[in-house]
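Secondary and tertiary structure notes
Listed here are the chains, written in short residue letters.
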Amino acid sequence: MTMKALTGNHAVSEAVKLARVKVIAAYPITPQTTMVEKLAEMVDKGELEAKMIRVESEHSALAATLGAAAAGARAFTATSSHGLLYMHEVLWWTAGARIPVVMAVAARAIGPPWNIHVEHSDVMDQRDTGWIISVAQENQEAFDLTLQAFRISEDPRVYLPMIVTLDGFILSHTVAPVDIPSQEDVDNWLPPRRQPYVITPESNVVMGNIASDEDYFMMRYSIQAAMKAAKQVINEVDLEYGKAFGRSYGGLVECYRCDDADYVIVITGSWAGDAKKAADMLRDKGVRAGVARIRFVRPWPEEDLRDKLFNKKGVIVFDRSVSFGSYGQLFSDTAATLYGAKVSMRGVVAGLGGVDVRPDDIMAEVMDFVGRVEERGLVYEPQRWMLPKKYAQVGKEVGL
């Protein structure tokens, strides 16, 4: 094991190299670009034996990655923001083909107006495509999730593509210490590539042709069954990774001080660290708070969350994205999970476009929620917007 000071992007690049990826296709977009630049440098120096395909668009990047993977190669791509939206069609093709592919997403806001800072709207927009979607809190976890992604996606019980999400700039461009295992140790832990079929000039396999309505239906059913199986695989891989490399994260959900908590913060991404700090501060004020950090948005960790949250006094969900005309996506899924529970809930939309949210801000919002629950009893507030301070009055005027 070697300790290196790495940005989140370069941590992912190191994991891709150790996974012995054979094909990388990519198109540059901020804040993802340095990830594939580093991989191109590794290929050029002979550190990574892989084919780097330079394409004219993100749509083509994933199409080339899918083609290489279907032909039997372990393949990787990466993108952000508008690039991910441009890929959206091919995400459906990749999952529908049941081909294991790993993609890193440096999560970033979507225009207009132009904004290159962190938001989860780009990756949340992919929840329905059939991809497994994970979200890292720190650079080390971005590295670990990338290695795990190849094993999870290539498991015969799964055979689905997987996204590894890291927050743009907050992780992608910030340097932190990362433990890097040896190539030998990774080779011992990560099996050779497995996939359901391989397309070659000699094979009689085709992909993407017209199927009967009934066959189409059953193929969609198979994706849902694979997502269900993926929950067990993710938990197994997390435990096995912990035994091999000394780091385990709790599988689908990391629970921080949840066991005796009355109030639990549900959150995903890098700002979960701020939420944990806020939980500690709340406990100093006499409020027993905890954090349920969503590590996998898909498959949704319904059973884990019901077990952790069903009997709590209050659950407050922080979303760094929103489904316009509805609520934050994490809130909607959490509320559906807790149907029938006598638990107060609040959804908070915050941090869009990189607006800073600090532990004090999270603590203040939780304290307001706790006060409302203590005053009124059972409370259900599906959407509040934590507006930038200079616009706080606007929220009062429109009731958000």
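None of these values were measured; they are calculated from a predicted model.

What follows covers the overall build of the protein chain. Of regular secondary structure, the protein chain possesses 13 helices and 15 strands. Principal-axis analysis of the C-alpha atoms gives the protein chain an extent of 70 × 50 × 45 Å. Counting over 400 residues, the protein chain shows a buried share of 56%. Across the protein chain, every contact between residues at least 6 apart in sequence was considered, and the portion connecting residues at least 24 apart equals 81%. One finds the centroid of the 44 positive side-chain charges in the protein chain at a distance of 3 Å from the centroid of its 52 negative side-chain charges.

Time to look at the packing of helix α3 (residues 58–70) against helix α4 (residues 81–96). To characterise two packed helices, one gives the angle between the axes of the helices and the distance between these axes. Running from amino to carboxyl end, α3 crosses α4 at an angle of 30°, the nearest separation of the two axes being 7 Å. Here α3 is positioned roughly parallel relative to α4, judged by the angle of their axes. For the pair α3 and α4, the sense of crossing is right-handed. Only G83, Y86, M87, E89, V90, L91, W93 and T94 of α4 make contact with α3, whose side of the interface consists of E58, H59, A61, L62, A63 and L66. Across the contact of α3 with α4, the residue classes tally to nine nonpolar, three polar and two charged.

Remark: helix α6 (residues 139–153) packs on helix α8 (residues 213–245), axes separated minimally by 10 Å, with the N-to-C direction vectors making an angle of 125°. Viewed along their axes, α6 and α8 adopt a mutual orientation that is oblique. The crossing of α6 and α8 is right-handed. Residue-level contacts link F143, D144, L147, Q148, R151 and I152 of α6 to V233, I234, V237, E240 and Y241 of α8. Partitioned by chemical class, the residues of the contact of α6 with α8 number seven nonpolar, one polar and three charged.

Pairs can form between side chains of opposite charge whenever their charged atoms are close. Counted according to the given criterion, the structure contains 31 salt bridges. A salt bridge links R346 to D368, with the nearest nitrogen and oxygen atoms 2.9 Å apart. On the criterion of sequence distance, the pair formed by R346 in strand β14 (residues 344–349) and D368 in helix α12 (residues 359–376) is long-range, its members being 22 residues apart. Overall, the relative accessible area of 31% leaves D368 in the partly exposed class.

End to end, α12 covers 26 Å across 18 residues, agreeing with the expected 26 Å (1.5 Å per residue, within 8%). Within α12 the residues assigned to the buried category are P359, D361, I362, M363, E365, V366, F369, V370 and V373. At its buried positions, α12 is contacted by β10 (263–267), α9 (272–284), β13 (314–319), β14 and β15 (380–385). Phi turns positive, to about 90°, at G377, one or two residues after α12.

The tally for this structure, following the rule as stated, stands at seven aromatic pairs. Relative to F245, the ring of W189 lies with its centre 6.0 Å away and its plane at 65°, an arrangement referred to as edge-to-face. Pair noted here: W189 is in helix α7 (residues 183–189) and F245 is in helix α8, with a separation of 56 residues, a long-range link. By the burial criterion, W189 is buried, and F245 matches it. Between W271 and F318, the aromatic rings sit 6.2 Å apart at their centres with planes inclined by 85°, giving edge-to-face as the arrangement. Within this pair, whereas W271 is found in the loop between β10 and α9, its partner F318 is found in strand β13, the two being separated by 47 residues in sequence.

Before going further, it helps to examine the pairing of β14. Burial runs high along β14: six of the six residues are buried. On β14, burial covers both faces: S344, R346 and V348 on one face and M345, G347 and V349 on the other are all buried. Relative to β15, β14 is paired through four bridges, and the arrangement is parallel. Across the sheet, the residue bridging to V349 is W385, located in β15. Once you follow β14 into α12 and on to β15, the crossover reads as left-handed.

Here we come to unusual backbone geometry. Cis rather than trans, the peptide bond between T30 and P31 has omega equal to 0°. Of the consecutive residues P112 and P113, the connecting peptide bond is found in the cis state with omega at -5°. Within the secondary structure, P113 is located in the loop between β5 (102–107) and α5 (121–124). Positioned with a positive phi, R20 is a non-glycine residue whose angle comes to about 55°. Within the element layout of this structure, R20 appears in the loop between α1 (8–18) and β2 (23–26). Judged by relative accessible area, which is 43%, R20 ranks as partly exposed. Positive phi is not limited to glycine here, since R257 has a value of about 55°. As for its position among the elements, R257 is in the loop between β9 (253–256) and β10.

Criteria and thresholds
- Residues numbered from 1 in each chain as written.
- Predicted model: local features only at pLDDT ≥ 70, side-chain atom pairs only at ≥ 80, totals over all residues.
- Heavy atoms only, no water.
- Helix = DSSP H or I, 4+ residues; strand = E, 2+ residues; numbered from the N terminus.
- Buried < 20%, exposed > 50% of the residue type's maximum accessible area, 1.4 Å probe, protein only.
- Contact = heavy atoms within 4.5 Å.
- Lys, Arg positive; Asp, Glu negative; His and termini not counted.
- Charge placed at Lys NZ, Arg CZ, Asp CG, Glu CD.
- Axes fitted to C-alpha atoms, helices over the stretch in contact; angles between N-to-C directions.
- Parallel < 35°, antiparallel > 145°, perpendicular 65-115°, else oblique.
- Left-handed = near helix turned anticlockwise from the far one by under 90°.
- Nonpolar A, V, L, I, M, F, W, Y, C, P; charged D, E, K, R; others polar.
- Salt bridge = Lys/Arg side-chain N within 4 Å of Asp/Glu carboxyl O.
- Expected span 1.5 Å × (residues − 1).
- Phe/Tyr/Trp six-rings, centres within 6.5 Å; stacked < 30°, edge-to-face > 60°.
- Pairing = 2+ DSSP bridges.
- Right-handed = clockwise from strand over helix to strand, strands pointing away.

Everything listed is a geometric property; what it means functionally is a separate question.
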